[in-house]
Amino acid sequence: MPATEKVQARVEAARAVGERQLARAQRLRWAPAVLESLESEQRSGAGLLAGGLAYRLFFWLVSFGLVVAAAASFWVRADQRSMVSTAKDFGLSGVAAKSAASAVQSGSHSRWYLLAVGFVLMLYFGVGAVRALRVASFVAWRIKPTRMRHSLKASGTFTGIFVLALIAVMFTSWVRQRAALAGVVVTVMVIAVFAAMALLAFLLLPRAERTGWKELLPGAVVVGAGITGIHVFVVYYLADKLERSPKLYGALGASTVVLLGLYLMARVTVSAMFLNSTLEQRRGLSSDRGDEAEPLPTDALSSDG
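Quick notes on the rules
- Residues numbered from 1 in each chain as written.
- Predicted model: local features only at pLDDT ≥ 70, side-chain atom pairs only at ≥ 80, totals over all residues.
- Heavy atoms only, no water.
- Phe/Tyr/Trp six-rings, centres within 6.5 Å; stacked < 30°, edge-to-face > 60°.
- Helix = DSSP H or I, 4+ residues; strand = E, 2+ residues; numbered from the N terminus.
- Buried < 20%, exposed > 50% of the residue type's maximum accessible area, 1.4 Å probe, protein only.
- Patch = residues over 30% accessible without salt bridge, like charges linked within 9 Å, V, L, I, M, F, W, Y side chains within 5 Å.
- Areas by Shrake-Rupley, 256 points an atom, 1.4 Å probe, with all protein chains shown as cover.
- Salt bridge = Lys/Arg side-chain N within 4 Å of Asp/Glu carboxyl O.
- Core = buried A, V, L, I, M, F, W, Y, C linked by side-chain atoms within 4.5 Å.
- Contact = heavy atoms within 4.5 Å.

Student: Tell me what's going on with the packing of aromatic side chains, and back it up with residues and numbers.
Tutor: Counting across every chain of the model gives eight aromatic pairs. Here phenylalanine 59 and phenylalanine 125 contribute two aromatic rings whose centre-to-centre distance is 5.4 Å and whose plane-to-plane angle is 25°, an arrangement assigned as stacked. Here phenylalanine 59 is found in helix 3 (residues 46-72), whereas its partner phenylalanine 125 is found in helix 5 (residues 108-141), with 66 residues between them in sequence. Under the relative-accessibility criterion, phenylalanine 59 is labelled partly exposed at 30%. Phenylalanine 125 sits in the partly exposed class, given a relative accessible area of 22%. Taking the centre distance of 4.6 Å and the plane angle of 70° together, the rings of tryptophan 60 and phenylalanine 162 count as edge-to-face. Here the residue tryptophan 60 occupies a position in helix 3, and phenylalanine 162 occupies one in helix 6 (residues 151-178), the gap between them amounting to 102 residues. Since its relative accessible area comes to 1%, tryptophan 60 is described here as buried. Accessibility expressed as a relative area gives 23% for phenylalanine 162, which makes it partly exposed.

Student: Outline unusual backbone geometry, listing residues and values.
Tutor: Only a minority of non-glycine residues have a phi that is not negative, and only a minority of peptide bonds are not trans. Phi at arginine 142 is positive, roughly 55°, even though this residue is not glycine. Here arginine 142 lies in the loop between helix 5 and helix 6. The class of arginine 142 is partly exposed, set by a relative accessible area of 42%. Although it is not a glycine, histidine 150 adopts a positive phi angle of roughly 55°. Following the sequence through the fold, histidine 150 ends up in the loop between helix 5 and helix 6.

Student: Requested: an account of a nonpolar patch on the surface, with residues and values cited.
Tutor: Taken together, the side chains of Leu181, Val185 and Met189 define a hydrophobic patch exposed on the protein surface, amounting to about 330 Å² of accessible area. Considering the arrangement of structural elements, one finds methionine 189 in helix 7 (residues 180-204).

Student: Go over the nonpolar core, please, and point to the residues and values.
Tutor: By size, the foremost hydrophobic cluster in this structure holds 53 residues, and its most contacted members are Phe158, Phe194, Phe202, Val223, Leu262, Val270 and Met273. Counting residues per element, the ones that place at least two in this core are helix 3, helix 5, helix 6, helix 7, helix 8 (213-244) and helix 9 (250-282). Other than its neighbours up to four places away in sequence, phenylalanine 194 contacts Ala165, Ala168, Val169, Gly224, Ile227 and Thr228. Of all hydrophobic cores here, the second largest spans five residues; its members include Leu66, Val67, Ala70 and Leu115.

And the structure:
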């Protein structure tokens, strides 16, 4: 039939274009490593790892927003700004804090109670987030899991890195509001800030033996660029969606923004781990270990040292 033949012709043409593009990409120096990394992600269930990480990040971010809202209520009256302005100024953390602010009542007892509960929950869920990061790192580097020591210290370090990232976001928003061109320049520069924070996190997470900061740098750059892109996506696209949403679905809209953003961040982070592992294997560093069944791990938070 003519219609069937046309469909088949279009399918064949599309397949031929795809094969040509794949062959062209494979000629690039970095393309084989990226493709190998993506294949390793598919075999290892990277999407599920990212989902588990985003799940734990969500609960940590909710408790963090509660702490920020409760602490700010001691000297700041209720902010009448809309959710869209909050998202544009502070990103995902601002959305979480804005949503939690409605739970903070005017009474001082309620403020102290919510502040204490939020702080405890923030530490607790911070431990869960670190454990999820470690599981993803164990899978990506294909190393034997080890027990985490100093859980509270790990949670505090995780919180500190996140707060530094929030400060960078706030500074970028402040500059962007005063000068559009300078805001673009600072947004590009903040990629290096996020990359440095990701590099610090990767150095603290489990990884293959004799893997230094230079071997972790490609993944850190991916995280820096990815998180910056996600923040821009939230500021310039999702924030306006919140403004146009009906008031009835305001809370659901905020939750959707937070969950989507956290999953994308988790997905980028997990992909960066697999990329670093793949590049390390392609460099042949693992050949020095002989025929060991399991690569020796380097883990700053392991109870084994």
